[in-house]
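The lines below spell out each chain.
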Amino acid sequence: MTNSFPQTTDEEWMRYAIRLAQRAEQQGEVPVGAVLVKDNRVIAEGWNLPIANHDATAHAEIIAIRKAGQVLENYRLIDTTLYVTLEPCVMCMGAISHSRINRLVFGATDPKRGAVCSALQLTAAPFLNHVVDWHGGVLETECGALLRDFFRARR
C-alpha cells in the first residue's frame, strides 16, 4: 500500500483510522481501526477481525503490524507511527514494542484494558527494551462515540 499524503496531521490520520473502524463495525466487529504510517505514507492498515477470522489476536493493531512487516520485509517497523482509535491492550502493546514502532497515537482511552496509560502503563515498563513515544486523546470524542454507539446498539 503506498497512499501518500502531503504533511498529514495526527487528526487526519486518526480520521483515516476511524474509517477503518467503521469497516469493522460493518462486519459486526468491535469498531477499532489502525493505520501504520512511515514517511507520511500508509504502510499498512487493519481493523478488528477476531470474529471473522476466528482469531483472538486479530486486533486492528496486530493486523496492521503483520501487514507492515510483509510490506517492509522486516519485523522491525522503525521510524513508523501507528494510529489507532482505541488505547491498545496488553497484547497489542507487546507487539508494538517488539516491532519497534517509534510512535503511537490513539483516540479513546480504555480504562479497563488499556495498556498505555489506563489499566497498565507498559510504555514506561522497565523490562521492555524499546520505549514507544505516545500521544492519546486525538479525536477522543469521535473514537469513543463509535464504541459507545456500537455497544449501546448491541444491548
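Look up a bit, the structure's there.
What this report covers is the structure whose coordinates are included nearby. Just so you know, these numbers come straight off a predicted model, no measurement behind them. (Residues numbered from 1 in each chain as written. Predicted model: local features only at pLDDT ≥ 70, side-chain atom pairs only at ≥ 80, totals over all residues. Heavy atoms only, no water.)

### Things to note about the overall build of the protein chain
Note the threshold: In this text, helices come from DSSP runs of H or I with a minimum length of four residues, and strands from runs of E with a minimum of two, each type numbered from the N-terminal end. Here the globule rule reads 2.2 Å times residues to the power 0.38, and the radius of gyration is calculated from C-alpha atoms. Using a 1.4 Å probe on the protein chains alone, a residue whose accessible area is under 20% of its type maximum counts as buried, one over 50% counts as exposed, and one in between counts as partly exposed. We call two residues contacting when some pair of their heavy atoms lies within 4.5 Å. Each accessible area value is a Shrake-Rupley result obtained with a 1.4 Å probe; residue values ignore everything except the protein chains displayed when judging cover. This count recognises Lys and Arg as positive and Asp and Glu as negative, with His and chain-terminal groups excluded. A charge is said to be at NZ when it belongs to Lys, at CZ for Arg, at CG for Asp and at CD for Glu.
Secondary structure summary: the protein chain contains five helices and five strands in total. Ordered by position from N to C terminus, the α and β elements of the protein chain give α-β-β-α-α-β-α-β-β-α. Relative to the globule expectation of 15 Å for 155 residues, the C-alpha radius of gyration of the protein chain, 14 Å, shows essentially globular dimensions. Each principal axis of the C-alpha atoms in the protein chain carries an extent, and together these give about 40 × 35 × 30 Å. In the protein chain, buried positions account for 48% of the 155 residues. Considering only contacts within the protein chain whose residues lie at least 6 apart along the sequence, 56% involve residues at least 24 apart. Carbon and sulfur atoms make up 51% of the accessible area of the protein chain, which totals about 8000 Å². Charged side chains in the protein chain number 16 positive and 17 negative. The centres of these two groups are separated by 4 Å.

### Side note on the nonpolar core
Nonpolar side chains tend toward joint burial in soluble globular proteins. Note the following rule: What makes a nonpolar core is a set of buried Ala, Val, Leu, Ile, Met, Phe, Trp, Tyr and Cys residues whose side-chain atoms join them at distances within 4.5 Å.
Grouped together as the largest cluster of nonpolar side chains are 50 residues, with contacts concentrated most on Met14, Val35, Leu82, Ile96 and Leu104. Secondary structure elements with two or more residues in this core: α1 (10–26), β1 (33–38), β2 (41–47), α3 (60–72), β3 (81–86), α4 (90–98), β4 (103–108) and α5 (140–154). In terms of residue count, the dominant contributor to this core is α1 (eight residues). Non-local contacts of leucine 104, meaning those with residues more than four positions away in its chain, are made with Leu82, Val84, Pro88, Met93, Ile96, Val116, Val132, Asp133, Trp134 and His135.

### Focus on α4
What α4 keeps buried is the set Cys92, Met93, Ala95, Ile96 and Ser97. The secondary structure elements touched by the buried residues of α4 are α3, β3 and β4. Once α4 finishes, arginine 100 follows within two positions and takes phi at roughly 65°, a positive value.

### Details of the sheet that holds strand β5 (residues 133–135)
Our working definition: In this analysis, strands are considered paired if DSSP registers two or more bridges between them. Fitting a line to C-alpha atoms yields each axis, with helices limited to the stretch in contact; the angle taken between N-to-C directions then spans 0 to 180 degrees.
Strand order across the open sheet formed by five strands is β2-β1-β3-β4-β5, with mixed pairing between neighbours. Taken across any chain shown, the strands that pair with only one partner, and hence form the sheet edges, are β2 and β5. This sheet shows a mean twist of 15° between the axes of neighbouring strands, independent of strand direction. Note that β1 and β3 share four bridges and pair antiparallel. Among the inter-strand pairings, leucine 36 is bridged to a residue of β3, identified as leucine 82.

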